[in-house]
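What the coordinates show
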Protein chains: 2
Amino acid sequence: MTNPMLYRQRFGLALLFSLALPLLAQASEPLPSWNDGPAKKSIIEFVQTVTDQSSKDFVKPAERIAVFDNDGTLWSEQPMYFELLFALDEVKRTAAQHPEWKTTQPFKAVLENDHKALAAAGMDGLLKIVGATHTGMTTEAFDDYAKTWLSQARHPKTGKPYTEMIFQPMLEMLDYLRKQDFKTYIVSGGDTAFMRAFAEKVYGIPPEQVIGTTFITSFQFKDGRASILRTPRLAHNDDGPGKPESIEAVIGRRPILAFGNSDGDLQMLQWTAAGSGKRFMGLVHHTDAKREWAYDRKSDIGRLDKALDEANSRGWTVVDMASEWRRIYPFESPVTEQVQ
Amino acid sequence: MTNPMLYRQRFGLALLFSLALPLLAQASEPLPSWNDGPAKKSIIEFVQTVTDQSSKDFVKPAERIAVFDNDGTLWSEQPMYFELLFALDEVKRTAAQHPEWKTTQPFKAVLENDHKALAAAGMDGLLKIVGATHTGMTTEAFDDYAKTWLSQARHPKTGKPYTEMIFQPMLEMLDYLRKQDFKTYIVSGGDTAFMRAFAEKVYGIPPEQVIGTTFITSFQFKDGRASILRTPRLAHNDDGPGKPESIEAVIGRRPILAFGNSDGDLQMLQWTAAGSGKRFMGLVHHTDAKREWAYDRKSDIGRLDKALDEANSRGWTVVDMASEWRRIYPFESPVTEQVQ
């Protein structure tokens, strides 16, 4: 007969080993969806240096601020920013409450799926659509609309929920950084409230670490009920120079790591690079037409031109998606073959 | 002869006890500078409830957001907001670069110590002084000016550095909350950058948890040098309704605890109170003319009138400074007698 104490001890040891081995393997090999290419090497080397107490480039945990663009950096952004697809769907959902939209551009174009007229309306037209669907309601109501859409809408190409079209290698990077006491922020052109509707669940980034474009709000207190109304007046456009400006306004510390994918991230990268000590500047380069999309210098969405030149000339890390990422989305199987 | 091993062991034990006892005492009795009055009881009862996993009012650590006004709540605000005293001193320090100030109000009044003319210039005049001393420079330069002033200036009544005129009971409360996994924020009418110049060192509140009044900034990149210029255009006035608006914009979660001292904090308290579950709303009532100042309904600085009525009618915690605080400032000895 087995001595139950001994059995428990053995079982306990076995359990300990079975748990410890994967953890050790993981500890010795972070970023499993990244090939052992130059990007992975540069990330790990940077993190090891700034967290090494004996290094002259050691950075205290409180100052380990890492900022990430969202569209095209943490999730896909084609055929257009997912938030714009949300706005277009919202026009259709709420059209009955706005009979005037049937005859007013750019709303008429949205309701009639008239892509040509919508394109002709340009950025001004899109801003009208964003304003009409993102404001004129309380913060709580907007959060509900965004969450409902995110749970129901599907991407036209993959058929997946948008919140699954996130980049597995970047999720691993966020996790790796947080384990090394980095504070990970989103700094993106998207509406702050829209991104907060999924960032905590999907990226593990809490609302107070989501920085984006904001509208002026108005606090209301009536009959004992408090609410905050979203008005159509833009408070901050978090694109280009708006990014370092919002980083300073909200965080008040200069990041030591910044990651983007387009010219709209250039100033955030410049601001990060201009600090003293060791810094990491990264760009996702969309080079994989088969698994994701391939676009850069001439794209309307996510144009990467000046920032690519500056990255190349200053030695920033440019992630060639096709060769450096073994897997793009969490729902894919990883490519087993490693590109060296 | 003493056995050195034994000696070390005994010494080790003695050291352990001498360290452990005060820690235990502190753990069983938080908020030592608070008398055992109703305010201390309400704070402790609130914190124990929301951190008790078996309570229906349990709040997850990530959602334990506590917001504090600064002027009059964490430090004194008489004879006027300390930041205004900084602005007046800055006018004098930089007068040589602005010969036109000799003949232009309100600057002339400042340079001539003409209190009557300064008072006549009113809030508009003060805003001009704040604009002239707080903007038109980089964020780094402003931080330097603020830190230099804070290290050199002395309060006209106490002769102490302003950063020592902080409230010991509130420091203990911040510490007590953080030990219970609360995230403590400042939400105050002061300039965010001015408060960040001392908040981390003095209150243990990092820059990203300081929310205040902000000016529009402008990112500059020239000859490889990056900077952020503070412009005189107001971005956000963090007073009254501006407080819940900035809480929503920056934190994106509703606080479960809010502490203020004036009508400018009323909307922040209303927004906090209107959430579901258990909430704590507190007001510091300046009732101690001997140790600090006594003022409320008719004061120009820190007027506490409507908020006092609402606190009384809704059962919020009003801290009677004279009777509830054993010690006001860290540099004082505590009053040993306890008011029950």
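Since the model is a prediction, treat every value here as computed from it, not as a measurement.

Thresholds, definitions, all that
- Residues numbered from 1 in each chain as written.
- Chains lettered and ligands numbered in written order.
- Predicted model: local features only at pLDDT ≥ 70, side-chain atom pairs only at ≥ 80, totals over all residues.
- Heavy atoms only, no water.
- Least-squares fit on C-alpha atoms with pLDDT ≥ 70 in both.
- Contact = heavy atoms within 4.5 Å.
- Pairing = 2+ DSSP bridges.
- Helix = DSSP H or I, 4+ residues; strand = E, 2+ residues; numbered from the N terminus.
- Expected span 1.5 Å × (residues − 1).
- Buried < 20%, exposed > 50% of the residue type's maximum accessible area, 1.4 Å probe, protein only.
- Arc of directions from axis to C-beta.
- Right-handed = clockwise from strand over helix to strand, strands pointing away.

As a further point, take the relation of the copies chain B and chain A. Superposition record for chain B on chain A: RMSD 0.0 Å, screw rotation 180°, translation along axis 0.0 Å. Expressed as a symmetry operation, the mapping of one chain copy onto the other fits a two-fold axis. By C-alpha distance to the rotation axis, the residue of chain B lying nearest is Val250(B), at 3.4 Å. Here 100% of the interface residues in chain B have copies in chain A that are interface residues too; the copies meet face to matching face.

The next thing to look at is the sheet that holds strand β6 (residues 257-260) of chain B. Residue and element names in this part refer to chain B. Reading across from one edge, β2-β5-β4-β3-β1-β6-β7-β8 is the order of the 8 strands in this open sheet, with mixed pairing throughout. Across the chains shown, the open sheet's two edge strands, defined by having one partner strand only, are β2 (137-138) and β8 (317-320). Here 4 bridges tie strand β7 (residues 280-285) to β8, and the two strands are oriented parallel to one another. Following the sheet pairing, Gly282 is matched in β8 by Thr317.

The next subject is helix α6 (residues 139-152) of chain B. Residue and element names in this part refer to chain B. For α6, which comprises 14 residues, the first-to-last C-alpha distance of 20 Å matches the rise-based estimate of 20 Å (1.5 Å per residue) to within 8%. Of the positions making up α6, those classed as buried are Thr139, Phe142, Ala146, Trp149 and Leu150. Taken end-on, α6 shows its buried residues confined to a sector of 100°, consistent with a single buried face.

Attention now goes to the pairing of strand β8 (residues 317-320) of chain A. It is a general feature of regular strands that their side chains alternate between the two faces of the sheet. A one-sided burial pattern is seen for β8(A), the buried positions being Thr317(A) and Val319(A) and the unburied ones Val318(A) and Asp320(A). The handedness of the strand β7 (residues 280-285) of chain A to β8(A) crossover, carried by helix α11 (residues 306-314) of chain A, is right-handed.

All names here are of chain B. Relative to the helices and strands, Ala294 is located in the loop between β7 and α11 (306-314). On the basis of relative accessible area, Ala294 is assigned to the partly exposed category, the value being 46%. Each C-alpha atom of the pair Ala294 and Leu234 lies 32 Å from the other, and the pair is 60 residues apart in sequence. When residues no more than four places from it in sequence are discounted, the contact partners of Ala294 are His286, Thr287, Asp288 and Ala289.

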